[in-house]
Amino acid sequence: MSCHICQGELSGNDTASCHLCYRDFHLAMTIQSTVVDCGQIFMDNDSLALAFVCNACVDERPSQWAPAG
Ligand SMILES: [Zn+2]
Ligand SMILES: [Zn+2]
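Since the structure is predicted, the reported quantities are computational estimates derived from the model, not experimental observations. (Residues numbered from 1 in each chain as written. Chains lettered and ligands numbered in written order. Predicted model: local features only at pLDDT ≥ 70, side-chain atom pairs only at ≥ 80, totals over all residues.)

## Section: the overall build of the protein
Part 1: Scanning the protein for helices and strands turns up 0 helices and 5 strands.
Part 2: Relative to a compact globule of 69 residues, whose C-alpha radius of gyration would be 11 Å, the protein shows 12 Å and is just as compact.
Part 3: Along the first, second and third principal axes, the C-alpha set of the protein runs to 35 × 25 × 15 Å.
Part 4: Considering only intrachain contacts with a sequence separation of at least 6, the fraction spanning at least 24 residues in the protein is 31%. (Helix = DSSP H or I, 4+ residues; strand = E, 2+ residues; numbered from the N terminus. Rg over C-alpha atoms; globule rule 2.2 N^0.38 Å. Contact = placed C-beta atoms within 7 Å.)

Structural data, given as structure tokens:
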């Protein structure tokens, strides 16, 4: 399995599935992780749920979402 953003191999826990396109990408899940993020975490201001969004979809995110953290 590989990241659809950078084409690099996805390994272990530092993987997220995009909320919009459902493809997998790199996202550092721990402070110790050294992976380069290929997406971001957004918060849905309506449901207050966190969602992972790949860089390819960041510009298409729903307007009620705000960057988390
Ligand atoms: Zn990647
Ligand atoms: Zn996406």
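## Re the confidence of the model for the protein
Part 1: In the predicted model, the protein carries a mean pLDDT of 92, and 99% of its residues have values of at least 70.
Part 2: Across the protein, the secondary-structure element scoring lowest on mean pLDDT is strand β5 (residues 65-67), at 90, and the one scoring highest is strand β2 (residues 24-26), at 97. (pLDDT = per-residue confidence, 0-100.)

## Some remarks on the sheet that holds strand β3 (residues 39-44)
Backbone hydrogen bonds hold the strands of a sheet together, and the pairing may be parallel or antiparallel.
Part 1: Spatially, β4-β3-β5 is the arrangement adopted by the 3 strands of the open sheet, whose pairing is antiparallel. At either margin of the open sheet sits one strand with a lone partner, and together these are β4 (50-54) and β5. Across this sheet, the average inter-strand angle for adjacent strands is 40°, counted without regard to direction.
Part 2: By the bridge criterion, 5 bridges tie β3 to β4 in an arrangement that is antiparallel. Looking at the pairing, Phe42 lines up with Ala51 of β4. (Pairing = 2+ DSSP bridges. Axes fitted to C-alpha atoms, helices over the stretch in contact; angles between N-to-C directions.)

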